[in-house]
Amino acid sequence: MRPMPKAVNRVLTGIVGLVLLAVGGSVLAVGLGAPPPSWWIHHGPHDVLLSRAERLRWRDEGWWWPVVIAVLAVLVLLALWWLTAVLRRRRIAEILVDTGDGAGALLRGRALESVLGDEAGALEGVQRAHVRLTGRRNAPASRVRLLLEPHVDPGTVLRELTTEALGHARGSAGLAALPAEVRLRAARHRAQRVS
């Protein structure tokens, strides 16, 4: 399953949100006593969505309720699929390494993440490092989260990360570029007493 482009996802989410907001707001307004338009499905605060006659109309048909339940189940499954597609972050399983002979080799994404994380965690002033590779297998990108010790210069750590850890990863995988999104966070520490 390919991820949905961000623009399509945002447009669909916006349309669904606007429709739900309009329908919900109008039902609430009619329920609070606002006059409904002539074409609206509710005609007052005590009106119901389905009248007794409409509910009993299909009662004798054996196919009606299984079809209703199946349609609702499909709608719920589509909504869950959409939610997981939106929330899931893609992780690269393999990286295509150019060997120079035209054949190429595959490098496990988790292996490069582990090595890059270990090297970033070994930098001076870094307490903990977490690396995740995203993108495509022939054009990967990295997301790096670093937990820094309290009195470390973030610029120095970022420079060392770029030149050492990311540079080594880029060179060992034979990549022309390895874009990185780096998030730095300082570790909490107790206040020091000054005398």
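Rules and cut-offs
- Residues numbered from 1 in each chain as written.
- Predicted model: local features only at pLDDT ≥ 70, side-chain atom pairs only at ≥ 80, totals over all residues.
- Heavy atoms only, no water.
- Helix = DSSP H or I, 4+ residues; strand = E, 2+ residues; numbered from the N terminus.
- Contact = heavy atoms within 4.5 Å.
- Expected span 1.5 Å × (residues − 1).
- Buried < 20%, exposed > 50% of the residue type's maximum accessible area, 1.4 Å probe, protein only.
- Arc of directions from axis to C-beta.
- Axes fitted to C-alpha atoms, helices over the stretch in contact; angles between N-to-C directions.
- Parallel < 35°, antiparallel > 145°, perpendicular 65-115°, else oblique.
- Left-handed = near helix turned anticlockwise from the far one by under 90°.
- Nonpolar A, V, L, I, M, F, W, Y, C, P; charged D, E, K, R; others polar.

**Some remarks on the side chain of S142**
Inspection of the secondary structure puts S142 in strand β4 (residues 139-148). Apart from residues no more than four positions distant in its own chain, S142 is found in contact with L116, R132, L133, L166, L178, P179, A180 and E181.

**Considering helix α4 (residues 109-121)**
Between its first and last C-alpha atoms α4 spans 18 Å; for 13 residues at 1.5 Å apiece the expected length is 18 Å, and the two agree. By the burial criterion, the buried members of α4 are G109, L112, E113, L116, G117 and A120. Across the axial projection of α4, the buried residues extend over an arc of 130°, all falling on one side. Projecting away from the buried face of α4 at angles above 90 degrees are the exposed residues R110, V115 and D118. Residues of α4 that are buried in the fold lie against β1 (94-97), β2 (105-108), β3 (126-136), β4 and α5 (154-173).

**Topic: the packing of α4 against α5**
Close contact between α4 and α5 brings their axes to 10 Å; oriented N to C, the two are set at 155°. With respect to each other, α4 and α5 are oriented roughly antiparallel. As α4 runs across α5, the sense of the crossing is right-handed. Side by side, α4 and α5 meet where L112, L116, E119 and A120 of the first sit next to L161, E164, A165, L166, H168, A169 and A173 of the second. Its residues assigned to classes, the contact of α4 with α5 comprises eight nonpolar, one polar and two charged.

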